[in-house]
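Descriptive structure summary
What follows is the residue order along each chain.
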Amino acid sequence: FVTAQTSQTITSQGYKYAFAFAAQSPQFAATQVSMLEWLNKKYNLNITKIGLVFEDSEWGLTNSKAARESIKANTTGLQLVYDKSYTAGSSDLSSIVVGMMNAGVEVVFPTSYTQDAKLLFNTMTANNYSPLIIGGGYTAMDCSRTSLRHGAEIDDGILRVYEGGYGDYLEKIA
């Protein structure tokens, strides 16, 4: 059985046949922070207020813990201003979106599977709220090019966070 979502607590125990073929939470979270720092530098965005939104599974909890550590370790003034989990398969994420809006979140680091991400992004659109979104994995609509310009369309373009090379990709879609 092979899956893209793995928990560091399982893969770090030394099992012979347990492995991960994708980035683990610490690498993924560090790449999200690095991506935001690069965007701020390259486009002079000055985006510092981060919101973590994650499902309350082992995967979501592991990713959010790593993200908190990466944000805390940064030296460029990034701040975690919103940190909230939700139950996977929720039918309403409006309290999450309103909470992010009230906290002044400028960029969201989501840990969501596709259906939840779609609900989250549609709820953001319905509330006329378009922060930058730096996601990946099953967050299928990670970052829209119009979101970079603070536009309203969430699904206009996709930018995936991955180790290295994202600069050239951003140039193509921006």
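Look a little higher up for the structure.
The present account deals with the structure reproduced in this document.

Parameters and conventions
- Residues numbered from 1 in each chain as written.
- Predicted model: local features only at pLDDT ≥ 70, side-chain atom pairs only at ≥ 80, totals over all residues.
- Heavy atoms only, no water.
- Phe/Tyr/Trp six-rings, centres within 6.5 Å; stacked < 30°, edge-to-face > 60°.
- Buried < 20%, exposed > 50% of the residue type's maximum accessible area, 1.4 Å probe, protein only.
- Helix = DSSP H or I, 4+ residues; strand = E, 2+ residues; numbered from the N terminus.
- Axes fitted to C-alpha atoms, helices over the stretch in contact; angles between N-to-C directions.
- Parallel < 35°, antiparallel > 145°, perpendicular 65-115°, else oblique.
- Left-handed = near helix turned anticlockwise from the far one by under 90°.
- Contact = heavy atoms within 4.5 Å.
- Nonpolar A, V, L, I, M, F, W, Y, C, P; charged D, E, K, R; others polar.
- Pairing = 2+ DSSP bridges.

A few words on the packing of aromatic side chains. Under the counting rule described, the total for this entry stands at two aromatic pairs. Ring centres of Trp38 and Tyr43 lie 6.1 Å apart, and the angle between their planes is 85°; on these two criteria the pair is classed as edge-to-face. Overall, Trp38 belongs to the partly exposed group, its relative accessible area being 23%. Residue Tyr43 is classed as partly exposed on the basis of its relative accessible area, which comes to 31%. Taking the centre distance of 4.6 Å and the plane angle of 40° together, the rings of Trp59 and Tyr113 count as tilted. Residue Trp59 is located in helix α3 (residues 58–73), and its partner Tyr113 is located in the loop between β3 (107–111) and α5 (114–126); the two are separated by 54 residues in the primary sequence. Residue classification places Trp59 among the buried positions, given a relative accessible area of 11%.

This brings us to the packing of helix α4 (residues 94–103) against α5. Packing of α4 against α5 brings their axes to within 9 Å, and their N-to-C directions diverge by 55°. For the element pair α4 / α5, the angle class is oblique. Crossing hand, α4 versus α5: right-handed. The residues of α5 that touch α4, namely those facing Ser94, Ile96, Val97 and Met100, are Leu120, Thr123 and Met124. Its residues assigned to classes, the contact of α4 with α5 shows five nonpolar, two polar and no charged.

Read across the open sheet, the four strands follow the order β2-β1-β3-β4; overall the sheet is parallel. In the strand order of this sheet, the two ends are held by β2 (79–86) and β4 (132–133), each with one partner. Where α4 meets the sheet, its contacts fall on β1 (49–55), β2 and β3, and the angle it forms with β2 comes to roughly 170°.

Before going further, it helps to examine unusual backbone geometry. Unusually for a residue other than glycine, Asn44 sits at a positive phi of about 50°. Of note, Asn44 is situated in the loop between α2 (25–43) and β1. The exposure class of Asn44 is exposed, given its relative accessible area of 67%. Even without being glycine, Asn128 reaches a positive phi, approximately 55°. Relative to the elements of secondary structure, Asn128 occurs in the loop between α5 and β4.

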